[in-house]
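Survey of secondary and tertiary structure
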Amino acid sequence: MNIKENIKTLIVEKPLRLDCGQTISNFPLAYETFGSLNNEKDNAILVFHALTGDQFVTGINPVTKKDGWWSYAVGSGKSIDTDKYFVICANVIGGCMGSFGPNHENPKTKKNYGTDFPVITINDMVNAQINLLDFFGIKKLFSVVGGSMGGMQVLQFISNYPDKAKTAIPIACTSSHSAQNIAFNELGRQAIAADHNWSEGNYNSKDIVPDKGLAVARMAAHITYLSKKGLQEKFGRKLQERDDLKFGFDADFQIESYLRYQGSVFVDRFDANSYLYITRAMDYFDLLKQFNGNLSDAFKNTKAKFFIISFTSDWLYPTQENKDIVIALNAVGANVGFVEIESDKGHDSFLLNVPDFLKALKNFLDKSYAEKLS
């Protein structure tokens, strides 16, 4: 993938002390923008991406040549209307689409960092991205928005910078990663580490790719993004282009073929070490612990208006975990709205064409923007 020619990069000169104790400076933060910043600079929305996302929210990703990961929600006339709002999205540090990550050269060794890259957290990701506001001269964002890991970044952003956003929309997320989610992430990491080509994280210097391990990691994760009902309706026990079982280990069932395809295309666009680092950051995320068991304290200093969205069939970040955030916000008298969207598409609902979700998102943003103007 020709990454360098197709991305915008901000070199962050200011030192950033990471939670692991290391300090980084003069590091690249890859970003993309959509729409125009108005004269008052008060129409900016910072979108945070999920685990395997990147800065290319909408339109055609110039690197992969595929549609942006949130094309259903972001664009002209859409929920996050680029005719009205200035949308900014950055590739998280630890990522593989241009931001500082394991693929970058370690100046000490002149080789890629690999697993010598510092372990990063959601907090580190957010503290890196705040530099974009200074870069664009934005004092206060109109909104911070994100689903899944993006939602975690929304919560962390508001906690760290209570006066930097007028509205906040955490979607299908949690305030701390559950044991079940840590377990699924560990399964993926172990699949990668078990691939001989991973080579203790040094595969880039050997010009090999742990493609089998990364594909299995993606397959395992992808199952968690769907729902049992959705899988049954889409695939059931349908056979793959044949009338009967083959009595072997080829993909007899359509669901097997689908998962194998998901794994194979993922390898073409994502880096195995980035997968390790980003899943680790999600596992370490725990706002509850950060505030000594009182989640409300994370939000006590903000006047931001919140809108929290969950989905009925999301078993990865179930509605109750989203409601816990609502309860914590209510406890400090925050302005908070909540909706649970009916959908059989599982956790991935926020990425897909779910009309009720897209309508709710648009209504909240547009009404909040109208209030700002009045």
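Here, the structure is the one placed above.
Residues numbered from 1 in each chain as written. Predicted model: local features only at pLDDT ≥ 70, side-chain atom pairs only at ≥ 80, totals over all residues. Heavy atoms only, no water.

So, on to the overall build of the protein chain. Along the protein chain, the regular secondary structure elements total eleven helices and 14 strands. Against the 2.2 N^0.38 benchmark of 21 Å for 374 residues, the protein chain shows a C-alpha radius of gyration of 20 Å, consistent with a compact globule. Principal-axis analysis of the C-alpha atoms gives the protein chain an extent of 65 × 50 × 40 Å. Here the protein chain, with 374 residues, has 56% of them falling under the buried criterion. For the protein chain, contacts bridging at least 24 residues in sequence account for 70% of all contacts bridging at least 6. Total accessible area on the protein chain stands at roughly 16,900 Å², and carbon and sulfur atoms take up 50% of it. Here the protein chain contributes 40 positively and 42 negatively charged side chains, and the mean placements of these two sets differ by 4 Å. (Helix = DSSP H or I, 4+ residues; strand = E, 2+ residues; numbered from the N terminus. Rg over C-alpha atoms; globule rule 2.2 N^0.38 Å. Buried < 20%, exposed > 50% of the residue type's maximum accessible area, 1.4 Å probe, protein only. Contact = heavy atoms within 4.5 Å. Areas by Shrake-Rupley, 256 points an atom, 1.4 Å probe, with all protein chains shown as cover. Lys, Arg positive; Asp, Glu negative; His and termini not counted. Charge placed at Lys NZ, Arg CZ, Asp CG, Glu CD.)

Overall, the coordinates contain zero disulfides when judged by the stated rule. Unpaired in this structure, Cys 89 has its nearest cysteine sulfur neighbour in Cys 96, at a distance of 13 Å. Relative accessible area serves as the criterion here: at 0%, Cys 89 is assigned to the buried category. (Disulfide = S-S within 2.5 Å.)

For the pair helix α4 (residues 179-194) and helix α8 (residues 272-284), interaxial distance at closest approach is 10 Å and the crossing angle is 160 degrees. Relative to α8, the element α4 lies roughly antiparallel. In this structure, the crossing between α4 and α8 has a hand that is left-handed. Along the contact surface, α4 presents Asn 181, Ile 182, Asn 185, Arg 189 and Ile 192, while α8 presents Ala 272, Tyr 275, Leu 276, Thr 279, Arg 280, Met 282 and Asp 283. Looking at the contact of α4 with α8 residue by residue, the classes come out as six nonpolar, three polar and three charged. (Axes fitted to C-alpha atoms, helices over the stretch in contact; angles between N-to-C directions. Parallel < 35°, antiparallel > 145°, perpendicular 65-115°, else oblique. Left-handed = near helix turned anticlockwise from the far one by under 90°. Nonpolar A, V, L, I, M, F, W, Y, C, P; charged D, E, K, R; others polar.)

Here we come to the environment of Ile 308. Looking at where Ile 308 falls in the secondary structure, it is placed in strand β13 (residues 305-311). According to the relative accessible area criterion, Ile 308 is buried, its value standing at 0%. Sequence spacing of Ile 308 and Ile 171 is 137 residues, and the spatial spacing of their C-alpha atoms is 5.9 Å. Those residues in contact with Ile 308, other than ones at most four positions away along the chain, are Pro 170, Asn 322, Ile 325, Val 326, Leu 329, Val 336, Gly 337, Phe 338 and Val 339.

This part is about the environment of Arg 260. Assignment of secondary structure puts Arg 260 in helix α7 (residues 254-267). In this structure the C-alpha to C-alpha distance between Arg 260 and Arg 218, which are 42 residues apart in sequence, comes to 9.2 Å. Those residues within four positions of Arg 260 in sequence are excluded, and the remaining contacts are Met 219, Phe 249, Asp 250 and Ala 251. Polar side-chain contacts of Arg 260 include one of 3.1 Å to the backbone oxygen of Phe 249. (Polar contact = N/O pair within 3.5 Å; in protein donor to acceptor, adjacent residues only side chain to side chain.)

Each pair of packed helices gets described by two things: the angle between the helix axes and the distance between those axes. Their axes nearest at 8 Å, the elements helix α5 (residues 211-225) and α7 cross at an angle of 125 degrees. Between α5 and α7, the angle is such that the two are oblique. Both α5 and α7 take part in a crossing whose hand is right-handed. Judged by residue contacts, Asp 211, Leu 214, Ala 215, Arg 218, Met 219, His 222 and Ile 223 of α5 engage Tyr 258, Leu 259, Arg 260, Gln 262, Gly 263, Ser 264, Phe 266 and Val 267 from α7. Across the contact of α5 with α7, the residue classes break down as eight nonpolar, four polar and three charged.

Quick look at the sheet that holds strand β12 (residues 165-171) now. One open sheet holds the eight strands; their spatial order is β1-β4-β8-β5-β11-β12-β13-β14, and the pairing between them is mixed. The open sheet has two edge strands, β1 (8-12) and β14 (335-341), and neither has a second partner. Neighbour-to-neighbour, the strand axes of this sheet turn through a mean angle of 20 degrees, independent of strand direction. Alignment of β12 against β13, held across three bridges, turns out to be parallel. If you follow Ala 168 over to β13, its bridge partner there is Phe 306. Each of β4 (27-34), β5 (44-48) and β8 (86-90) is contacted by helix α1 (residues 122-129), which is oriented at about 70 degrees to β4, the strand it contacts most. (Pairing = 2+ DSSP bridges.)

Let's shift gears to the nonpolar core. One finds Ile 93, Val 144, Phe 157 and Phe 299 to be the most contacted residues of the largest nonpolar core, which totals 77 residues. No other element matches the seven residues that α8 contributes to this core. Those residues within four positions of Phe 299 in sequence are excluded, and the remaining contacts are Leu 155, Ile 158, Leu 287, Phe 306, Ile 325, Ala 328, Leu 329 and Val 332. Of all hydrophobic cores here, the second largest spans 31 residues; its members include Ala 50, Trp 69, Ile 169 and Phe 311. (Core = buried A, V, L, I, M, F, W, Y, C linked by side-chain atoms within 4.5 Å.)

Right, let's talk about unusual backbone geometry for a bit. Phi is positive for Asn 26, close to 50 degrees, though the residue is something other than glycine. The residue Asn 26 is located in the loop between β3 (23-24) and β4 in this model.

So, about α1. When you tally the buried positions in α1, you get eight out of eight residues, the bulk of the element. For α1, the complete set of buried residues consists of Ile 122, Asn 123, Asp 124, Met 125, Val 126, Asn 127, Ala 128 and Gln 129.

Tracing the sequence through the fold places Gly 68 in the loop between β5 and β6 (74-75). A relative accessible area of 7% means that Gly 68 is categorised as buried. When neighbours within four sequence positions are excluded, Gly 68 is seen to be in contact with Phe 56, Val 57, Thr 58, Gly 59 and Asn 61.

Taking 1.5 Å as the rise per residue, α8 with 13 residues should run 18 Å; its terminal C-alpha atoms sit 19 Å apart, in good agreement. Of all 13 residues in α8, eleven are buried, a share of seventy percent or more. The N-terminus of α8 is capped by Asp 271, whose side-chain oxygen sits 3.2 Å from the backbone nitrogen of Asn 273. (Expected span 1.5 Å × (residues − 1).)

By themselves, these figures tell us nothing about what the structure is for.
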